[in-house]
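# Structural description and commentary
For reference, the chains in residue letters:
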Amino acid sequence: MKSDPTKSSRPARIYFTDFFDVAPKTLANYGAFNVSPVVDLPLFVDPFLLFTSDKAEYLALHDEMIRYLKFLRDKSAQGLLNPGTLKAWYCFKEVKENCLGFCESGNRGIGLGMSFANALNENLNNLFKDFGHEQVTRGSHLEKLILIRSGVGKDKISDFTTNLIKGFLVRYTEAFAKKHIAAEKRQRVSVSHVEFDYDKGVWKGGTFDLPWLDKGFVLLTPEDILTKDDTWINKKDLQKDFPQIRESIENVALRAQIDQYFFSVLKHDKDKEGKDLEPTKKQRAEAIDFTLRKFPALIDYYIREKENNGDEAVERSKTKVDEVELRFVQNIHSLVQQLSNETAFYDTPENTLDEARRRISYLKHVIEDLDGYRLFYDGKGSPIEREKDLQIAFKLVCIGSPSSVDSEVNNGRGPVDSKFSRGDGDKTLVEFKLASNSKLEQNLENQVKIYEKANRTTQSLKVILFFTEDEHSKVKRVLKSLKIEGDTSIILIDARRDNKPSASKA
């Protein structure tokens with residue numbers, strides 16, 4: 001099916017401003033991020049940005065979070081927890097209406113279940129016992145749970161924080177909606193869990209006038225409490241800075257005990273002659289974890305250092321949010337416009353294999369021939385670093401497909417990047433890889449075959465994006481090694497910047 005060059009189809013609606021007829025500048029002036037109601041974008045709420053803010057409203061929100069944790073701690077100490085109260089007070093659904101997080105397929109996440117509840121409850125009377133009475137740090141921090149407990153990551157901390165400030169987000173969105181969104185695009189809705197009644201020990205709801213789509217309401221989130229990749233207080237930095245944290249402890253005797261214990265649990269492999277080898281990164285990380293459990297005061301010294309550099313947290317988070325804004329909002333909007341105006345990308349092909357191949361081919365054409373490669377670089381000229389970002393970008397430009405296009409579909413053998421389906425009889429899998437991936441050869445050899453079997457289909461395409469000539473050479477070596485150089489199911493996309501003259505000079 002050929003596109004009519006005299007007629008451009010209207011691009012699918014992707015962002016909040018598209019759905020609710022709001023000027024992006026109006027939303028930006030309000031301070032809210034332009035979310036996508038059709039797919040989660042990779043941002044999350046960092047509670048430290050509430051703590052370190054100079055806005056009284058944010059400080060009050062953080063204080064209220066700590067008040068709630070102290071309530072849980074006290075109930076736990078009094079022995080008043082049972083399966084019912086544990087579920088009611090600790091377990092929350094993901095606030096999917098804010099359209100942020102880690103689920104690339106729509107806005108569905110798993111929320112906070114009993115695993116998180118048990119992890120938090122177990123630590124309330126040890127790690128969190130001094131909440132409100134800290135001796136080393138200036139304040140209390142929920143993020144301590146990330147530092148001491150495996151299996152609890154930034155997504156859980158963000159979900160918990162978002163639930164505890166849900167009332168604020170609802171009112172923040174309502175204020176904007178009443179002023180800037182037409183009445184026919186709003187609806188009075190009942191929202192649960194917006195305020196906690198400490199006297200009765202129950203969460204209360206309320207009714208609000210909110211932006212409304214067919215599937216429900218949408219919430220806005222202020223940009224200045226969002227970040228990407230990791231919270232300011234995080235385990236990676238704790239392990240990296242561990243030597244300096246030990247040195248920062250004023251108590252000489254305690255510091256000596258910590259050193260003695262750390263080196264006693266630090267494992268070494270031995271060489272062929274029986275001599276100790278340098279500890280591996282994994283062995284060092286395990287020794288640090290053991291030491292933190294033995295001397296949890298170390299965590300407070302680490303957090304104190306993070307508090308002292310709060311301005312850096314704000315600056316880093318702003319940079320990260322600006323990067324997401326550029327890459328997933330501005331750049332994708334431009335890419336969709338290009339694909340709509342200059343290709344047949346949004347035409348309807350006959351089946352999922354034709355559709356997936358055509359969409360990838362047109363995307364390749366725009367990137368390689370129409371300056372679309374620029375859309376995969378940030379403002380500093382750095383290329384996209386994560387395959388997940390590439391997957392999200394593809395999901396966004398495929399909005400409006402007649403097929404069901406799902407991302408990160410897991411049928412028991414791991415998640416596949418994208419699946420185009422029109423019923424059980426017509427399915428095509430698409431796997432995205434960056435050429436920089438250290439496991440590219442292994443993945444090409446094994447991964448898609450496993451996914452095909454799990455999804456009961458033999459139709460699949462592999463897309464590899466490269467940003468340098470070295471990466472291109474690497475891909476060619478891998479394909480030659482696997483003897484699949486001419487495989488038409490493998491599509492290479494050249495996103496180099498140094499081999500593309502501007503359109504005016506070409």
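Starting from 1, residues in each chain are numbered consecutively following that chain's sequence as written. Reporting in this predicted model follows two pLDDT cut-offs: at least 70 for local features of residues, and 80 or more for side-chain atom pairs to be given and counted; totals over whole chains, interfaces and linings ignore these cut-offs and use all residues. The basis for the side-chain values is all heavy atoms of the structure; hydrogens and waters are excluded.

### Observations concerning the overall build of the protein
- Elements are defined by DSSP. Helices are runs of H or I of four residues or more, strands are runs of E of two residues or more, and each kind is numbered from the N terminus. The helix and strand inventory of the protein stands at 19 helices and 10 strands.
- Should any heavy atoms of two residues lie within 4.5 Å, those residues are counted as being in contact. Put simply, of all contacts in the protein between residues at least 6 apart along the chain, 71% involve residues at least 24 apart.
- Throughout, the Shrake-Rupley method with a 1.4 Å probe supplies accessible areas, and for residues the shown protein chains are the sole cover considered. Summed over its atoms, the accessible surface of the protein is roughly 24,600 Å², and 48% of this surface lies on carbon and sulfur atoms.

### Considering helix H4 (residues 56-77)
- In this model H4 runs 31 Å from its N-terminal to its C-terminal C-alpha over 22 residues, within 8% of the 32 Å that 1.5 Å per residue would give.
- Among the residues of H4, Tyr58, Leu61, His62, Met65, Ile66, Tyr68, Leu69, Phe71, Leu72, Arg73 and Ser76 are the ones counted as buried.
- Of the residues trailing H4, glycine 79 is marked for its positive phi of about 70 degrees. Helix span, expected: 1.5 Å multiplied by one less than the number of residues in the helix. Burial classes follow relative accessibility: with a 1.4 Å probe on protein chains only, a residue under 20% of its type's maximum area counts as buried, one over 50% as exposed, and anything between as partly exposed.

### So, the pattern of salt bridges
- Each reported salt bridge corresponds to a side-chain nitrogen of Lys or Arg within 4 Å of a carboxyl oxygen of Asp or Glu. Scanning the model with the defined rule gives 29 salt bridges in all.
- The partner of lysine 185 in a salt bridge is aspartate 21, with the nearest N and O atoms 3.6 Å apart. Of the two residues, lysine 185 is situated in the loop between helix H9 (166-180) and strand S2 (186-197) and aspartate 21 in the loop between helix H1 (16-19) and helix H2 (24-30); the sequence distance between them amounts to 164 residues.
- Sharing partners across several salt bridges, the network here consists of Lys228, Asp229, Lys320, Glu323, Arg327, Arg386 and Asp389.

### Structural notes on the packing of H4 against helix H8 (residues 154-164)
- Only the stretch in contact is used when a helix axis is fitted, and all axes are lines through C-alpha atoms; the angle between N-to-C directions ranges over 0 to 180 degrees. The interhelical angle for the contact between H4 and H8, taken along N-to-C directions, is 105 degrees, at an axis separation of 10 Å. One finds that H4 runs roughly perpendicular with respect to H8. Residues Met65, Tyr68, Leu69 and Leu72 of H4 pack against Phe160, Thr161 and Leu164 of H8.
- Residue polarity is assigned by list, with Asp, Glu, Lys and Arg as charged and Ala, Val, Leu, Ile, Met, Phe, Trp, Tyr, Cys and Pro as nonpolar; anything else, Gly included, falls into the polar class. Classifying every residue of the contact of H4 with H8 by side-chain character gives 6 nonpolar, 1 polar and no charged. When an angle is under 35 degrees it counts as roughly parallel; over 145 it counts as roughly antiparallel; between 65 and 115 it counts as roughly perpendicular; any other value is oblique.

### Describing the sheet that holds S2
- Any two strands between which DSSP finds at least two bridges are classified as paired. Taken together, 3 strands build an open sheet; the order of strands is S2-S3-S4 and the sheet is antiparallel. Every other strand in the sheet has two partners, leaving S2 and strand S4 (216-217) as the edge strands with one partner each.
- Judged from the 2 bridges that link them, strand S3 (residues 202-213) and S4 form a sheet pairing that is antiparallel. Directly across from tryptophan 212, in S4, lies its bridge partner phenylalanine 217.

### Points about the pairing of strand S8 (residues 427-434)
- With 8 of 8 residues buried, S8 lies mostly within the body of the structure.
- Of the strand pairs in this sheet, S8 and strand S9 (residues 460-466) are connected by 6 bridges, and their pairing is parallel. In the sheet register, phenylalanine 432 faces S9, and the bridge partner there is valine 463.

### Comments concerning the packing of aromatic side chains
- Planes of paired rings set the category: under 30 degrees apart is stacked, over 60 is edge-to-face and the rest tilted, where pairs are Phe, Tyr or Trp rings (Trp by its six-membered ring) whose centres lie within 6.5 Å. Applying the stated criterion to the full structure yields 23 aromatic pairs.
- Their ring planes at 85 degrees and their centres at 5.8 Å tell us that phenylalanine 92 and tryptophan 203 sit as a pair that is edge-to-face. In this pair, phenylalanine 92 sits in the loop between helix H5 (83-90) and helix H6 (114-123) while tryptophan 203 sits in strand S3, placing the two residues 111 residues apart along the sequence.
- Connected via pairs of aromatic rings, a cluster forms that spans Tyr68, Phe71, Trp89, Phe92, Phe160, Phe196, Tyr198 and Trp203.
- To sit over a ring, a charge needs its Lys NZ or Arg CZ within 6 Å of the ring centre and within 35 degrees of the ring normal. Sitting over the ring of tyrosine 198, arginine 67 keeps its end group 3.7 Å from the ring centre.
- Across the ring face of phenylalanine 345, the terminal group of arginine 359 is positioned such that the distance to the ring centre comes to 4.9 Å.

### Observations concerning the environment of glutamate 387
- Within the secondary structure layout, glutamate 387 lies in helix H17 (residues 387-397).
- For glutamate 387, a relative accessible area of 16% corresponds to the buried category.
- The spacing of glutamate 387 and glutamate 431 is 44 residues in sequence and 9.8 Å in space, taken between C-alpha atoms.
- Those residues in contact with glutamate 387 that lie beyond four places of it in its chain are Phe432, Lys433, Leu434 and Asn437.

### Description of the side chain of aspartate 46
- When you line up the elements, aspartate 46 lands in the loop between strand S1 (44-45) and helix H3 (47-51).
- Despite its burial, aspartate 46 remains without a salt bridge, the nearest opposite charge being carried by arginine 316 at 4.8 Å.
- Under the rule applied, a polar contact is a pair of N or O atoms within 3.5 Å (in protein, one hydrogen donor and one hydrogen acceptor; residues adjacent in sequence only if both atoms are side-chain atoms). There is a polar contact of 2.8 Å between the side chain of aspartate 46 and the backbone nitrogen of tryptophan 232.
- Ignoring any residue separated from it by four or fewer positions in sequence, one finds aspartate 46 in contact with Glu143, Ile225, Thr227, Asp230, Thr231 and Trp232. Counting rule for charge: Lys and Arg are taken as positive, Asp and Glu as negative, and neither His nor the chain ends is counted.

### A short note on the pairing of S2
- In the sheet, S2 pairs with S3 via 9 bridges, with the strands oriented antiparallel. Paired with arginine 186 across the two strands is proline 211, which belongs to S3.
- Counted between consecutive antiparallel strands, the loop separating S2 from S3 contains 4 residues, among which glycine 201 sits at a positive phi close to 70 degrees.

### Structural notes on the confidence of the model for the protein
- Of the residues in the protein, 88% reach a pLDDT of 70 or more, and the chain-wide mean stands at 83.
- The score called pLDDT rates the predictor's confidence residue by residue, from a low of 0 to a high of 100. Confidence, read as mean pLDDT per element, is least for strand S6 (residues 404-410) in the protein (57) and greatest for H9 (98).
- Between residues 1-9, whose pLDDT stays under 50, and residues either more than four places distant or in other chains, the model counts 12 contacts.
- Overall, residues 103-109 carries pLDDT values under 50, and its contacts beyond four positions in sequence, including any with other chains, amount to 25 contacts.

### Focus: unusual backbone geometry
- In this model, cysteine 99 sits at a positive phi of 60 degrees, which is unusual for a non-glycine residue.
- The residue cysteine 99 is located in the loop between H5 and H6 in this model.
- Backbone geometry places histidine 193, a non-glycine residue, at a positive phi of 55 degrees.
- Tracing the chain through its elements places histidine 193 in strand S2.

### Focus: the nonpolar core
- Here, the term nonpolar core denotes a set of buried Ala, Val, Leu, Ile, Met, Phe, Trp, Tyr and Cys residues that are joined through side-chain atoms within 4.5 Å. If you look at the biggest cluster of nonpolar residues, it comprises 122 residues, and the most contacted ones within it are Tyr68, Leu72, Leu120, Phe160, Val397 and Leu465.
- The element that contributes the greatest number of residues to this core is helix H15 (residues 310-342), accounting for 9 residues.
- One finds Phe466, Val475, Leu482 and Ile490 within the second-largest nonpolar core, a separate group that totals 11 residues.

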